[in-house]
Amino acid sequence: AHMKRDLGAAAAAAAGSNNPLPSSNTQQQQQQRGLQLPSWQAPLLESAVSALSAGWMVLLVGGSGCGKTSLARLAAAVAGVQLQELALTQGTDTSDLLGSFEQVEPARKLQELTDAAQQLINTFTQHLLLLAAATGQQQQGTGSRAYVQLACEVQEAWDRYTQQQQQQGGT
């Protein structure tokens, strides 16, 4: 036994929401005669619409092909709420539903940044010393000493910084 329920535009919207569009003839016939629901689905639809209208989530459980998706789409259309579909399987994890958080360790991040800065300073110092050597070979003068002095100052400044951080309990 089927129960005839006329749900108007909401039913037409739900019928066409994520399904391939039926032929215009079929769609017109459906709108003219109303929506046919099995009598056992009417209380489910009413409960789902009531819950959705109250702002609650609705969980539908059942075997494959029993009408869960159609009922959900129709209930959302009737209640005027956005439908978010999620297929659950045996492999679905709680983190798939709730999300997850990555533990952040600020000390580890700071150590990574410190290591990267140390590498940058070492590379910069090496380039300064190479410039000093190249300048010293080409001409005798203060140019090469200036590069060496700058390399020493950069390295000393970095050493002071790292010692200060260690004293403060940093890296």
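The model shown is predicted, which means the values in this text are computed figures rather than measured ones.

A. Looking closely at the pattern of salt bridges. Per the counting criterion, the structure on display carries two salt bridges. Its salt-bridge partner being Arg73, residue Glu85 comes within 3.0 Å of it at the nearest N-O pair. One end of the pair, Glu85, is in the loop between α4 (68–79) and α5 (94–98); the other, Arg73, is in helix α4, with 12 residues separating them in the sequence. For Glu85, a relative accessible area of 43% puts it in the partly exposed group. Note that Glu112 is salt-bridged to Arg108, the shortest N-O span being 3.7 Å.

B. Quick look at the side chain of Thr114. Counting through the fold element by element, Thr114 comes out in helix α6 (residues 106–138). The class of Thr114 is buried, set by a relative accessible area of 13%. Only 2.8 Å separates the side chain of Thr114 from the backbone oxygen of Leu110, close enough to count as a polar contact.

Thresholds, definitions, all that
The residue numbers shown here count from 1 along each chain, following its written sequence. Owing to the predicted nature of the model, reporting of local features is limited to residues with pLDDT of at least 70; listing and counting of side-chain atom pairs is limited to 80 or more, with chain, interface and lining totals taken over all residues. To get the side-chain values, take all heavy atoms of the structure and skip hydrogens and water. When a carboxyl oxygen of Asp or Glu is within 4 Å of a side-chain nitrogen of Lys or Arg, the pair counts as a salt bridge. Each helix corresponds to a stretch of at least 4 residues labelled H or I by DSSP, and each strand to a stretch of at least 2 residues labelled E; elements are numbered beginning at the N terminus. Burial here depends on accessible area, computed with a 1.4 Å probe over protein chains only, as a share of the maximum for the residue type. Under 20% is buried, over 50% is exposed, and the range in between is partly exposed. N or O atoms closer than or at 3.5 Å make up a polar contact, with two conditions inside protein: a donor-capable atom paired with an acceptor-capable one, and, for residues adjacent in sequence, both atoms drawn from side chains.

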